[in-house]
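Per-entry structural report
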Amino acid sequence: MTHNTVDRRTLLRATGLVAGGLLLDAGAAHGLTPSSAPATSPPSPDEAWAKLREGNRRWASGTAIRPHQDLARRAGTAQNQEPYAVVVSCIDSRVPPEIVFDTGIGDLLSVRSAAQTIDPLVSGAIEYGPAELDTPLIVVLGHQRCGAVAAAAHALHEDTRLPGDLHHIVEALRPAYRRASGNTDKMIRINTADVVAKLKADKLFVPRIARKQLKIVGCYYSLDTGQVTRVV
Ligand SMILES: [Zn+2]
């Protein structure tokens, strides 16, 4: 993202050109596609959340339809993307967002890190959705039996330092550890709520939330049932 991009978008807003919901796709925002690309109204935050809930219901009940995974969808999104949600989830191999929400190509921006912890690089990736693509929803997704949370809890309990950059993950989880009273599942939920709180305070998100253009929710995924439930 360049200053030029920000300035251009700010100017467009100021002149009301995007007030009607004109969606600037990634190409348009970077001057790669004509500005005459068809305007599309993004779904509301609640509509986006309803789509994800319905997709997860299908996944959990064994009736997934695996939408948007054919050649037509690939061709239809090759020049443009309009994802309706950013999912911030763990790197865990059992929690791929596109599968647990039964979505496909072009539906989600997936941002993944250990125990969905965030730092400036991760926050920047999350900001890209709402700020550049008008994505209306951010879902922070913790999950049952999170190995990263369990390892961090163990390291903090034993007061040991994990090697390499792993200790950064431990430090990111220290606030949740302090409030979880030794309960790892509680720590997973507290950490998810903490990440939601941090994102709600993000300077780029505060005005969007106030205008009801953006919603940020925290959820918990059960490895046992496949169900996603709201934490905050
Ligand atoms: Zn995990």
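Bear in mind that the values here come from a model prediction, so they are computed numbers and not experimental data. Residue positions are given per chain, counting from 1 as you read along its sequence in written order. Only residues with pLDDT of at least 70 get local features here, since the model is predicted, and only at 80 or more are side-chain atom pairs given and counted; chain-wide, interface and lining totals rely on the full set of residues. Side-chain measures here rest on the full set of heavy atoms in the structure, leaving out hydrogens and waters.

1. Some points on the coordination of the zinc ion
Metal donors: N, O and S atoms at distances within 2.8 Å, or within 3.2 Å for Na, K and Ca, with water omitted from the atom set so that some sites may seem incomplete. Around the zinc ion, the protein contributes the donor atoms C90 (SG), H143 (NE2) and C146 (SG), at 2.0 to 2.3 Å from the metal centre. We note that the donor set of the zinc ion lies within a single chain, spaced as C-x52-H-x2-C. Remark: H143 occurs in strand β3 (residues 137-143) and C90 occurs in the loop between β1 (85-89) and α5 (97-100); sequence separation between them is 53 residues. Accessibility classification places C90 together with H143 in one group, the buried group. Numbering goes from the N terminus for both helices and strands, where a helix is a DSSP run of H or I of at least four residues and a strand is a run of E of at least two. Partly exposed describes any residue whose relative accessible area lies between the buried limit of under 20% and the exposed limit of over 50%, with all areas from a 1.4 Å probe on protein chains only and scaled to the type maximum.

2. Looking at the packing of helix α7 (residues 147-158) against helix α8 (residues 166-179)
Every angle, taken between N-to-C directions, lies between 0 and 180 degrees, and every axis is a line fitted to C-alpha atoms, over only the stretch in contact when it is a helix. With their axes 9 Å apart at the nearest point, α7 and α8 run at an angle of 80 degrees to one another. The pairing of α7 with α8 is recorded here as roughly perpendicular in orientation. Contacts from A148, V149, A152, A153, A155, L156 and H157 of α7 reach α8 at V170, L173, R174 and Y177. Taken together, the residues that form the contact of α7 with α8 break down as 9 nonpolar, 1 polar and 1 charged. Throughout this description, any angle smaller than 35 degrees is read as roughly parallel, any larger than 145 degrees as roughly antiparallel, any in the 65 to 115 degree range as roughly perpendicular, and the remainder as oblique. Note on contacts: a residue pair qualifies if any of its non-hydrogen atoms lie within 4.5 Å across the two residues. Side-chain classes are defined by residue name, with Ala, Val, Leu, Ile, Met, Phe, Trp, Tyr, Cys and Pro counting as nonpolar, Asp, Glu, Lys and Arg as charged, and the others, Gly among them, as polar.

3. Some words on α8
An α-helical turn contains 3.6 residues, so a residue and the one three or four places further along point in the same direction. Considering bend angle alone, the principal kink of α8 is centred on L173 and spans about 45 degrees; proline P175 follows within four residues of it. What α8 keeps buried is the set H167, V170, L173 and A176. Tucked inside the fold, the buried residues of α8 contact α7 and α9 (184-200). Each residue is assigned a bend, namely the angle between axes fitted to the seven residues that terminate at it and the seven residues that start at it.

4. Looking at the pairing of β1
A large share of β1 lies buried, amounting to 5 of its 5 residues. Neither face of β1 is exposed, since A85, V87 and S89 on one face and V86 and V88 on the opposite face are all buried. For two strands to pair, DSSP has to find at least two bridges joining them. In this structure, β1 lies alongside strand β2 (residues 108-112), joined through 5 bridges in parallel fashion. Paired with A85 across the bridge in β2 is L108. Pairing geometry for β1 and β3, over 4 bridges, is parallel. Residue pairing for β3: V86 is matched across the bridge by I138.

5. Focus: the confidence of the model for the protein
Confidence scores here are pLDDT values: one per residue, from the predictor, ranging 0 to 100. Overall, the prediction assigns the protein a mean pLDDT of 88, with 83% of residues at 70 or greater. Residue range residues 1-38 is modelled with pLDDT below 50. Its contacts to residues more than four positions away, or to other chains, number 49 contacts.

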